[in-house]
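# A closer look at the structure
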Amino acid sequence: MLFKDLPREALMRPLSRNEVVGMLVRLTIFGAATYYSIKWVVEAMDPTCKQKNQAKKRAEQLMKRIGVEGVKLTEYEMNIASHLVDPQTMKVSWRDIAGLDEIINELQDTVILPFQKRHLLTGSKLFQPPKGVLLFGPPGCGKTMIAKATAKASGCKFINLQASTLTDMWYGESQKLTAAVFSLAVKIQPCIIFIDEIESFLRNRSSLDHEATAMMKAQFMSLWDGLDTSSTTQVMVMGATNRPQDVDPAILRRMPATFHVGLPNVRQRQDILKLILAGENLSNAINLKEIAEKTEGYSGSDLRELCRDAAMYRVRDYVRKEQMRQIAQQLQDSQDEEKGKIPVAGVSFSSCQDPEEI
Ligand SMILES: Nc1ncnc2c1ncn2[C@@H]1O[C@H](COP(=O)(O)OP(=O)(O)OP(=O)(O)O)[C@@H](O)[C@H]1O
């Protein structure tokens, strides 16, 4: 039936109470269904939704573990919080770093002391950890280890930020995430924001920069400057790079404390070898000084690989010799069988021999 076919009285009569309530209920149901359908469609279309949910879960667990409870975090702060490292569970400490005593002592005085002894000069704008620290030097020389051990020694929370966390996002998301890095760090302070390969994220500005990248860099610097406004803020940005010449000079200026973590010299290599091989079953014939002298140009990471290779070589050598021995025995057995002889009894190759004896 069409609208115009309805009797005039039916249209003009006032609505009954039941009809009004019924209409309201239908409208409410329709409204709710529309809201949830749109929400579901938006979530289904958002490619970062799954990632966000996982980050949220991880962040909640981490925050609980590091004892930060009752702090309300935004969705973006949650995302950043998933990159948090608990200083208590951090495995790296000063004892795991060899040959870098000078840098460690300097870090103790300039960075860790102001964090640890903050109470001695509360309110002082001068007795503060530097707002920025740069560790630079060739790859594999211990920059990341130093950053982690600094956080552990100072009792700071540690946000291990990858440049891609901020740059891979959709347009507009990067800026919200950048803001979240600093707001989260302030909420959970004392905190170290560590950026590995800082040159890939905050490199020399050029006219070729994408607009979003340029804006993010400017925003990062202004938020960083904002840390200075309060003398009680205990947040520090620590960057590591292999290419300091590629870092934006404006960023370098914000990192007054710089540490060169160079390739180890002979004495340092010997110390690193000693540390890596501590607890291993070493032959008396091994002379660490001699190995240190022969490994000019090796980084700490190269030395660890060298030792790992040597350990693997020993096992590989043992397995290969064992296989050769079995093949030789099988040949011998088949030759004996051919000659109609009974194989020699009691020879067992499954018994494991000490590789040293081979
Ligand atoms: N001084 C050192 N003492 C003990 N181990 C070291 C030292 N330097 C490097 N290593 C070994 O090398 C590995 C790599 O070190 P790390 O990641 O800190 O280097 P990096 O300078 O940050 O390198 P990259 O620039 O590639 O990130 C460490 O896990 C450690 O095993």
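Residues numbered from 1 in each chain as written. Predicted model: local features only at pLDDT ≥ 70, side-chain atom pairs only at ≥ 80, totals over all residues. Heavy atoms only, no water.

This paragraph deals with the overall build of the protein. In terms of helices and strands, the protein carries 14 helices and six strands. Across the protein, the fraction of contacts at a sequence separation of at least 24, relative to all contacts at a separation of at least 6, is 77%. Counting every atom, the protein has about 22,300 Å² of accessible surface; 56% of that belongs to carbon and sulfur. (Helix = DSSP H or I, 4+ residues; strand = E, 2+ residues; numbered from the N terminus. Contact = heavy atoms within 4.5 Å. Areas by Shrake-Rupley, 256 points an atom, 1.4 Å probe, with all protein chains shown as cover.)

Here we come to a negative patch on the surface. On the surface, Asp101, Glu102, Glu106 and Asp109 cluster together into a patch of negative charge. Tracing the sequence through the fold places Glu106 in helix 5 (residues 101–116). The exposure class assigned to Glu106 is partly exposed, which follows from its relative accessible area of 45%. (Patch = residues over 30% accessible without salt bridge, like charges linked within 9 Å, V, L, I, M, F, W, Y side chains within 5 Å. Salt bridge = Lys/Arg side-chain N within 4 Å of Asp/Glu carboxyl O. Lys, Arg positive; Asp, Glu negative; His and termini not counted. Charge placed at Lys NZ, Arg CZ, Asp CG, Glu CD. Buried < 20%, exposed > 50% of the residue type's maximum accessible area, 1.4 Å probe, protein only.)

The environment of the ligand is formed by 18 residues, the closest being Ala98, Gly140, Lys143, Thr144 and Met145. One of the backbone nitrogen or oxygen atoms of Cys141 is found 3.1 Å away from an oxygen atom of the ligand. Those elements that provide at least two residues to the shell around the ligand are helix 6 (143–154), helix 12 (266–277) and helix 14 (300–338). Both domain 1 (50–262) and domain 2 (267–330) contribute no fewer than three residues apiece to the shell around the ligand. (Near = heavy atom within 4 Å. Polar contact = N/O pair within 3.5 Å; in protein donor to acceptor, adjacent residues only side chain to side chain. Domains from an automatic or database assignment.)

Between the first and last C-alpha of helix 12 there are 16 Å, a value that for twelve residues agrees with the 16 Å anticipated at 1.5 Å per step. Buried-residue contacts for helix 12 involve helix 13 (288–294) and helix 14. A side-chain oxygen of the first residue of helix 12 lies 3.2 Å from the backbone nitrogen of Arg267; this N-cap is Asn265. At the C-terminal side of helix 12, Gly279 shows a positive phi close to 90°. (Expected span 1.5 Å × (residues − 1).)

Here we take up a nonpolar patch on the surface. Together, Leu15, Val20, Met23, Leu24 and Leu27 give the surface a local cluster of nonpolar side chains, amounting to about 470 Å² of exposed area. Topologically, Leu24 is positioned in helix 2 (residues 17–45).

Let us now look at the nonpolar core. By size, the foremost hydrophobic cluster in this structure holds 40 residues, and its most contacted members are Ile80, Ile159 and Ile193. The leading source of residues in this core is helix 8 (residues 173–188), at seven residues. The contact partners of Ile159, leaving out residues within four places of it in the chain, are Ile80, His83, Leu84, Val181, Leu184, Ala185, Cys191, Ile192, Ile193 and Phe194. Counting residues in hydrophobic clusters, the runner-up holds 28 residues, among them Val92, Leu100, Ala147 and Met238. (Core = buried A, V, L, I, M, F, W, Y, C linked by side-chain atoms within 4.5 Å.)

Chain-level pLDDT for the protein is 82 on average; 85% of the residues reach the 70-or-more range. No element of the protein has a lower mean pLDDT than helix 1 (residues 8–12), at 72, and none a higher one than helix 12, at 94. In this model, residues 345–358 is a region of pLDDT below 50 whose contacts with residues beyond four sequence positions or in other chains number twelve contacts. Here the prediction assigns the complex a pTM of 0.73, and the interface score ipTM is 0.96. (pLDDT = per-residue confidence, 0-100.)

Scanning the model with the defined rule gives eight salt bridges in all. As a salt-bridge pair, Glu293 and Lys289 come within 3.6 Å of each other at their nearest N and O atoms. Placement of the pair is Glu293 and Lys289 together in helix 13, with a separation of four residues, close to one helical turn. Relative accessible area serves as the criterion here: at 45%, Glu293 is assigned to the partly exposed category. Judged by relative accessible area, which is 46%, Lys289 ranks as partly exposed. The partner of Lys321 in a salt bridge is Asp317, with the nearest N and O atoms 3.3 Å apart. Of the two residues, Lys321 and Asp317 both sit in helix 14, four residues apart, roughly one turn of that helix. For Asp317, a relative accessible area of 27% gives the class partly exposed.

Attention shifts here to the packing of helix 12 against helix 14. For the pair helix 12 and helix 14, interaxial distance at closest approach is 10 Å and the crossing angle is 45°. The orientation of helix 12 with respect to helix 14, classified from their angle, is oblique. Between helix 12 and helix 14 the crossing geometry is right-handed. Of helix 14, the residues touching helix 12 (which contributes Arg269, Ile272, Leu273, Ile276 and Leu277) are Gly300, Leu303, Arg304 and Cys307. (Axes fitted to C-alpha atoms, helices over the stretch in contact; angles between N-to-C directions. Parallel < 35°, antiparallel > 145°, perpendicular 65-115°, else oblique. Left-handed = near helix turned anticlockwise from the far one by under 90°.)

Another aspect to go through is the domain arrangement of the protein. The figure often quoted for interface size is the accessible area lost as the parts come together. Under the domain assignment, the protein is made up of domain 1 (50–262) and domain 2 (267–330). Every contact between the two is made by nine residues of domain 1 and, on the other side, seven residues of domain 2. Between domain 1 and domain 2 lies a buried interface of about 520 Å² when both sides are counted; carbon and sulfur atoms form 60% of it. Together, Ala98, Gly99 and Gly140 form the three largest contributors to the area buried by domain 1 at its contact with domain 2, with a combined 69%. Between domain 1 and domain 2 we count three residue pairs in polar contact (both at pLDDT 80 or more) in total. Considering only residue class, the side of domain 1 that touches domain 2 consists of five nonpolar, two polar and two charged. (Buried area = accessible area lost by both parts, 1.4 Å probe. Nonpolar A, V, L, I, M, F, W, Y, C, P; charged D, E, K, R; others polar.)

Moving on: the side chain of Ser299. Mapped onto the secondary structure, Ser299 falls in the loop between helix 13 and helix 14. We classify Ser299 as buried; its relative accessible area is 3%.

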